[in-house]
Amino acid sequence: MLYGERTAVVVRAGCNGVEALFLILAGVLAVPATWAVRGRALVCYLPLLFALNLLRVVGLLYVLARFPEQMSLAHDQIAQGIMVAAVMLLWLRHLGRVTPAR
């Protein structure tokens, strides 16, 4: 739970970024590649998505404090879209770098 001067925010399941982490994990593991390539990708991508989600939460807190009437748009469309796009771009990057497992 995050507290502000006039509000408290609960980061619930679904807003904690775990889905994005599992999605990139599944995407990386589904592509035929060596385990070393998969491991390097996950070591880079998982912390990056975790950090991006923290920035997303901070950004949403800013929107809530400054523009509360825009919170629904920011949360449901913009912030969620950024996370989906980030997962897709990281996965496409991984696809361009893989060497098929032998």
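Residues numbered from 1 in each chain as written. Predicted model: local features only at pLDDT ≥ 70, side-chain atom pairs only at ≥ 80, totals over all residues. Heavy atoms only, no water.

Peer 1: Looking at this structure, I do not really get the overall build of the chain. What am I missing?
Peer 2: Looking only at helices and strands, the chain features 3 helices and 2 strands. For the chain, the sequential pattern of α-helices and β-strands runs β-β-α-α-α. Residue burial in the chain is summarised as follows: out of 102 residues, 25% are buried. The contacts of the chain with a sequence gap of at least 6 include a subset with a gap of at least 24, amounting to 67%. When the accessible area of the chain is evaluated, it comes to approximately 7000 Å², of which 69% is carbon and sulfur surface. (Helix = DSSP H or I, 4+ residues; strand = E, 2+ residues; numbered from the N terminus. Buried < 20%, exposed > 50% of the residue type's maximum accessible area, 1.4 Å probe, protein only. Contact = heavy atoms within 4.5 Å. Areas by Shrake-Rupley, 256 points an atom, 1.4 Å probe, with all protein chains shown as cover.)

Peer 1: Hey, could you run me through the packing of aromatic side chains in this one?
Peer 2: The geometry of two aromatic rings is summed up by the distance between their centres and the angle between their planes. Taken as a whole and assessed by the stated rule, the structure comprises 1 aromatic pair. Their ring planes at 70° and their centres at 6.3 Å tell us that Y62 and F67 sit as a pair that is edge-to-face. You can call F67 partly exposed: its relative accessible area is 38%. Over the aromatic face of W35 sits the side chain of R38, whose NZ or CZ is 4.4 Å from the ring centroid. (Phe/Tyr/Trp six-rings, centres within 6.5 Å; stacked < 30°, edge-to-face > 60°. Lys NZ or Arg CZ within 6 Å of the ring centre and 35° of its normal.)

Peer 1: Looking at this structure, how should I read the side chain of R56?
Peer 2: With respect to the secondary-structure elements, R56 resides in helix 2 (residues 35-66). Dropping the residues within four chain positions of it, R56 is found in contact with C15, N16, H75, A79, Q80 and M83.

Peer 1: Mind showing me how you'd approach the nonpolar core here?
Peer 2: Inside soluble globular proteins, nonpolar side chains tend to come together where they are buried. Counting residues in hydrophobic clusters, the biggest one holds 11 residues: A20, I24, V28, A41, L42, Y45, L49, M83, A86, V87 and L90. Elements with a contribution of two residues or more to this core: helix 1 (18-30), helix 2 and helix 3 (71-97). Setting aside residues no more than four positions away along its own chain, L42 makes contact with I24, L25, V28, L29 and P47. (Core = buried A, V, L, I, M, F, W, Y, C linked by side-chain atoms within 4.5 Å.)

Peer 1: What is the right way to read a nonpolar patch on the surface from this model?
Peer 2: There is a patch of nonpolar side chains on the surface, built from M88, L89, W91, L92 and L95 and spanning about 460 Å² of accessible area. Mapped onto the fold, L89 is located in helix 3. Judged by its relative accessible area of 55%, L89 falls in the exposed class. (Patch = residues over 30% accessible without salt bridge, like charges linked within 9 Å, V, L, I, M, F, W, Y side chains within 5 Å. Salt bridge = Lys/Arg side-chain N within 4 Å of Asp/Glu carboxyl O.)

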